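Fold and geometry: a report
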Amino acid sequence: AAGALPPPPLLPPWPQPPPPPPLHGGWPDQASGTSDAEPGISPIRRLLSRRSTIRRGESLEDFAASDNVKAGPAIMENWNCDHYTALTSPAPCDLNDKHGNPVVNCVSTINECAVLAALSSDCSDTINYYGGEKGPSGAYPGRCMCVTKGLECGGFTSPGGTVAKVVPLSSLLDVRVVYLDK
């Protein structure tokens, strides 16, 4: 069809691209020569995929998997940050806390929590999620918060609370091509 783009290459470009910029940094933008700290442009948004909204009929898991950030390894476990911004999923899970009350800002996965934090201009690059790689758990299962930009986590012990950094996917990948001869 006229104007159609060619299909993307099947193999990643070689050699590997340079490491991504820091989540909240000041690397110059190569296209415009401006700083990532430029007002109105969130540096963390630059790490996200081309789209940042969920499409009608799309599952939140599919949407979250399409983004270029996820939760890094836990930096603290069984901890609740006290300087936080609560984050809510557009498709919240339906779980109750240890008191039997609904978890109002329930998020299904720690990686979805990382994506929500990356999309919020109020968030630093640190999240606090009740659960882990295996899903929601602890005193407030699925509760998703980020440490408010400019503040420290602070906090107190709380069963199931996981503190992690929001990291670009490329920092978690180590792609190696190996050719085996028979």
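Before any of the text, the structure's been laid out above.
So, here's what we can say about the structure. This structure is a prediction, so every number in the text was calculated from the model and none was measured.

**Considerations on the environment of Tyr84**
Mapped onto the secondary structure, Tyr84 falls in strand β2 (residues 84-86). Counting along the chain gives 61 residues from Tyr84 to Met145, while the straight-line C-alpha distance between them is 6.0 Å. Setting aside anything within four residues of it in sequence, one finds Tyr84 in contact with Arg143, Met145, Cys146, Val147 and Thr148. Only 2.9 Å separates the side chain of Tyr84 from the side chain of Arg143, close enough to count as a polar contact.

**Observations regarding the state of the cysteines**
Covalent bonding between the sulfur atoms of two cysteines is what defines a disulfide. All chains considered together, the criterion is met by four disulfides. Disulfide pairing places Cys81 opposite Cys153 at an S-S distance of 2.0 Å. Because the sign of the S-S torsion sets the handedness, a value of about -90° for the bond joining Cys81 and Cys153 places this disulfide among the left-handed ones. Separated by 72 residues along the polypeptide, Cys81 in the loop between β1 (69-80) and β2 and Cys153 in the loop between β5 (144-148) and β6 (156-168) bring together distant segments of the chain. Along the protein chain, the cysteines that take part in disulfide bonds pair up as 1-8, 2-3, 4-6, 5-7, counted in sequence order.

**Notes on the nonpolar core**
Grouped together as the largest cluster of nonpolar side chains are 19 residues, with contacts concentrated most on Leu87, Ala117, Ile127 and Val166. Secondary-structure elements contributing two or more residues to this core are β1, α2 (110-119), β3 (123-132), β5 and β6. Sorting elements by how many residues they give to this core places α2 first, with eight residues.

**Comments concerning unusual backbone geometry**
Residues other than glycine seldom take positive phi values, yet Asn78 does so here, at roughly 55°. If you trace the backbone, Asn78 turns up in strand β1. Exposure remark for Asn78: the relative accessible area of 43% places this residue in the partly exposed category.

**Brief notes about the environment of Thr85**
With respect to the helices, strands and loops of the structure, Thr85 is situated in strand β2. Considering only alpha carbons, one finds Thr85 and Ser124, 39 residues apart in sequence, at a separation of 9.6 Å. A distance of 2.9 Å separates polar atoms of two side chains, one belonging to Thr85 and the other to Thr148.

Criteria and thresholds
Residues numbered from 1 in each chain as written. Predicted model: local features only at pLDDT ≥ 70, side-chain atom pairs only at ≥ 80, totals over all residues. Heavy atoms only, no water. Helix = DSSP H or I, 4+ residues; strand = E, 2+ residues; numbered from the N terminus. Contact = heavy atoms within 4.5 Å. Polar contact = N/O pair within 3.5 Å; in protein donor to acceptor, adjacent residues only side chain to side chain. Disulfide = S-S within 2.5 Å. Core = buried A, V, L, I, M, F, W, Y, C linked by side-chain atoms within 4.5 Å. Buried < 20%, exposed > 50% of the residue type's maximum accessible area, 1.4 Å probe, protein only.

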